[in-house]
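# Breakdown of the fold
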Amino acid sequence: MTETGENRTRGGPWWWEKPRSAVLDIALAAASAAECALQGQGFARETGIPGALAVLLGAVAGATLVLRRRWPIAVVLVAIAVIPAEMGTFLGVVGLYTLAATDVPRRITGLLAGMAAAGMLVMTAYRLDQNIGQDPDFNPQGWFVPLVSILMSVGVTAPPVLLGLYVGARRRLVESLRERADGLERELSLLADRAEERAEWARNEERTRIAREMHDVVAHRVSLMVVHAAALQAVALKDPDKAAKNAALVGDMGRQALDELRTMLGVLRSGESERPERSGRSEPAGAAGPAPSGAAAVSGAAPGPAAAQDAPAAPGHGPAPPAGASGAAAAEAPSRLAEFVSAVAGQAAGQPAAGSAERGADAGTATTRGAGQVAGAPRPENGVPHSGPPSLAHLDSLVGQSRAAGMAVELSVEGSPDGACPPPVQQTAYRVVQEALTNVHKHAAGAATRVRVAHRVAEVALQVENDPAADGAADAGLPSGGNGLVGMRERVTALGGGFVSGPTDAGGFRVSAIIPYAVS
């Protein structure tokens, strides 16, 4: 009950856990055998049995102490059995200690300890009575024999039992603490693995956001630069003035691309420098979690739904709509997106055929329906972009750049945001229109394109639709990585909106999106 077969495989012989345990038990058994052999000689003289037999029996009884770790109950029973022969005191003390320190049920330990105490009490009282009768000078009072017998029996049995109970309890406590430590170590290892997985996931997400932002910043500008460079090559000798204008546009777009890249990299560097300061400050309870990365701050689409909800309004803008209404609007985004696409398709179908020719002739004009332009948006000249982060107020500049590259683009803005459209939504809407126009430059050179923006209650709807590529239009030869539509969908869905893209019946392509102002 003290050692199991599992412990026998740990390096010690037989049932011992360690070699030193075997050496200790053998030494104790030798001492007990010597004591019992010496006490057996006196027992042989009193009983008249052969002395060699008594010594042999005492040595065998004392040697059973070597089994105390394997069979502690048997050792105690042997010690109780040799009490009448007045031998095995050391055997009984060590056996009771081992019994109490093991996992033997306490009732068995108490029963065997009581039997040993009773045997010791009887033998002590018997010997005292004999000694009192043999010595006439020794005549104690009547309480002497019971008192000495009780003290002798308790003194021989109680200390080893109590010490064994203490050692056993301490051993079990240490074992439980060791098991808890092992469990905590395994748990910490699992937590470390999970933390590493989360860190790897965060790194992948960050790489994806940075790649998407780099794609949006570079692809559109470089595409326009390639288109203008091709036009510059075509008209360099025929029309020097137009060639100079195209060269100036290429330079402006290159500088703008560099400015946007520099801005994005600056935000990334500032986020790295501010990270230790943020980690040193204690955040209030219930904080919304870690701040978005630099790439997320630039794109405006990387923050999740909570970030979209908590984003502050731009200067001069009013408060956002209630969270409940916004959540319902986000849940109904797909159905509203389908209605928006159907309505726009109906408007396009209702226009006369001459409208297309008129749009082709008036490529440099924009048609404004409803409330018209975004409030406070100045008209750009020659496609020169506005300063500051991208927003819906910069759509005129964005469309002007495509017109300067020779694309027939019609911009229509219905309604007004009235200052309620948060910056992340405006930035995402701008990036969707930008990427859609870039795809038109890549895949449908010379195609007439219509950009429609509709401001509604707590949401903004977008649609960019182009006709098939114009006959005879030269392909710009721009490479495509297939990430544009994926990036647009990720940006829109990150804010709780809906996104649909696909070819039209006329052979063109349509991109539609609905973005709610906030997500509950």
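Definitions and cut-offs
- Residues numbered from 1 in each chain as written.
- Predicted model: local features only at pLDDT ≥ 70, side-chain atom pairs only at ≥ 80, totals over all residues.
- Heavy atoms only, no water.
- Helix = DSSP H or I, 4+ residues; strand = E, 2+ residues; numbered from the N terminus.
- Buried < 20%, exposed > 50% of the residue type's maximum accessible area, 1.4 Å probe, protein only.
- Contact = heavy atoms within 4.5 Å.
- Areas by Shrake-Rupley, 256 points an atom, 1.4 Å probe, with all protein chains shown as cover.
- Pairing = 2+ DSSP bridges.
- Axes fitted to C-alpha atoms, helices over the stretch in contact; angles between N-to-C directions.
- Expected span 1.5 Å × (residues − 1).
- Parallel < 35°, antiparallel > 145°, perpendicular 65-115°, else oblique.
- Left-handed = near helix turned anticlockwise from the far one by under 90°.
- Nonpolar A, V, L, I, M, F, W, Y, C, P; charged D, E, K, R; others polar.
- Core = buried A, V, L, I, M, F, W, Y, C linked by side-chain atoms within 4.5 Å.
- Arc of directions from axis to C-beta.
- Salt bridge = Lys/Arg side-chain N within 4 Å of Asp/Glu carboxyl O.
- pLDDT = per-residue confidence, 0-100.

## Quick notes on the overall build of the protein
Counting secondary structure elements, the protein contains 16 helices and five strands. Taking all 520 residues of the protein together, 40% fall into the buried category. When contacts within the protein are restricted to residue pairs at least 6 apart in sequence, those whose partners lie at least 24 apart make up 71%. Entry remark: accessible area of the protein is about 27,200 Å², with carbon and sulfur atoms responsible for 62%.

## Brief notes about the sheet that holds strand β4 (residues 498-503)
Within a sheet, adjacent strands bond to each other through the backbone by hydrogen bonds, running parallel or antiparallel. Ordered in space as β1-β2-β3-β5-β4, the five strands form an open sheet in which the pairing is mixed. Edge positions in the sheet fall to β1 (409-414) and β4, since each of these pairs with one other strand and no more. Sheet twist, expressed as the average angle between the axes of neighbouring strands with direction ignored, equals 5°. By the bridge criterion, six bridges tie β4 to strand β5 (residues 509-516) in an arrangement that is antiparallel. Along β5, the bridge assignment pairs S501 with V511. Sheet strands touched by helix α14 (residues 395-404): β1 and β2 (449-456). Its angle to β1, the strand with the most contacts, is close to 165°. Of the strands in this sheet, β4 and β5 are in contact with helix α16 (residues 484-494), which crosses β4 at around 155°.

## Brief notes about helix α5 (residues 89-101)
In an α-helix there are 3.6 residues to a turn, and that puts residues three or four apart on one side. For α5, built from 13 residues, the straight-helix expectation of 18 Å at 1.5 Å per residue is met to within 8% by its first-to-last C-alpha distance of 19 Å. Of the residues making up α5, those classed as buried are L91, G92, V94, G95, L96, T98, L99, A100 and A101.

## Topic: the packing of helix α2 (residues 19-47) against helix α3 (residues 51-63)
Two elements in contact, α2 and α3, have axes separated by 7 Å at closest approach and are oriented at 150°. Our classification of the angle between α2 and α3 gives roughly antiparallel. Two packed elements cross with a definite hand, and for α2 against α3 that hand is right-handed. Counting all contacts with α2, which are made through A29, S32, A33, C36, A37, G40, Q41 and A44, the residues of α3 involved are G51, A54, V55, G58, A59, G62 and A63. Tallied by class, the residues present in the contact of α2 with α3 amount to nine nonpolar, six polar and no charged.

## Notes on the nonpolar core
Grouped together as the largest cluster of nonpolar side chains are 33 residues, with contacts concentrated most on L395, V460 and I515. With eight residues, the top contributor of residues to this core is helix α15 (residues 423-443). Contact partners of L395, with chain neighbours within four places excluded, come to L411, Y430, V433 and V453. Listed in part, the 10 residues of the second largest apolar core include L96, L99, A100 and V104.

## Some words on unusual backbone geometry
In most cases, non-glycine residues show a negative phi, while peptide bonds are predominantly trans. With a phi angle near 55°, E86 is a residue other than glycine that sits in the positive phi range. Here E86 lies in the loop between α4 (72-81) and α5. Unusually for a residue other than glycine, A458 sits at a positive phi of about 65°. Residue position: A458 is located in the loop between β2 and β3 (459-466). On the accessibility criterion, A458 (7% relative accessible area) is buried.

## Comments concerning α16
Looking only at α16, the buried set comprises G484, G487, M488, R491, V492 and A494. Buried positions in α16, seen along its axis, are confined to an arc of 165° and lie on one side of it. Once α16 finishes, G496 follows within two positions and takes phi at roughly 80°, a positive value.

## Concerning the packing of α14 against α15
The geometry of α14 relative to α15 is characterised by a closest axis approach of 11 Å and an angle of 5° between their N-to-C directions. On the basis of the axis angle, α14 is roughly parallel to α15. Counted together, L395, L398 and S402 of α14 and Y430, V433, Q434, L437 and H441 of α15 form the full contact between these two elements. When grouped by side-chain class, the residues that make up the contact of α14 with α15 number five nonpolar, three polar and no charged.

## What to know about the pattern of salt bridges
Taken as a whole, this structure holds 12 salt bridges when the rule is applied. For E46, the salt bridge goes to R127, with nearest N and O atoms at 2.7 Å. Taken as a pair, E46 in helix α2 and R127 in helix α6 (residues 106-134) lie far apart in primary sequence, 81 residues in all. Owing to a relative accessible area of 54%, E46 belongs among the exposed residues under this scheme. Measuring nitrogen to oxygen at the nearest pair gives 2.0 Å for the salt bridge that ties E86 to R127. Note that E86 is positioned in the loop between α4 and α5 and R127 in helix α6, a separation of 41 residues in sequence. Overall, the relative accessible area of 34% leaves E86 in the partly exposed class.

## Description of the confidence of the model for the protein
Per-residue confidence for the protein gives a mean pLDDT of 73, with 68% of residues at or over 70. The weakest mean pLDDT in the protein belongs to helix α10 (residues 305-310) at 34; the strongest belongs to β5 at 94. Every residue in residues 278-331 is under pLDDT 50, and counting partners more than four places away or in other chains gives 74 contacts. Long-range and interchain partners of residues 348-385, a stretch whose pLDDT sits below 50, account for 50 contacts in this model, where long-range means more than four residues apart.

## Quick word on the pairing of β2
With seven of eight residues buried, β2 is to be regarded as a mostly interior element. Relative to β2, β1 is paired through six bridges, and the arrangement is parallel. Looking at β2, one finds that E410 is bridged to R450. Pairing of β2 with β3 involves eight bridges; the strand directions are antiparallel. By the bridge assignment for β3, A454 is matched with A461. Hairpin connection, β2 to β3: the antiparallel pair is bridged by two residues, and A458 has positive phi, about 65°.

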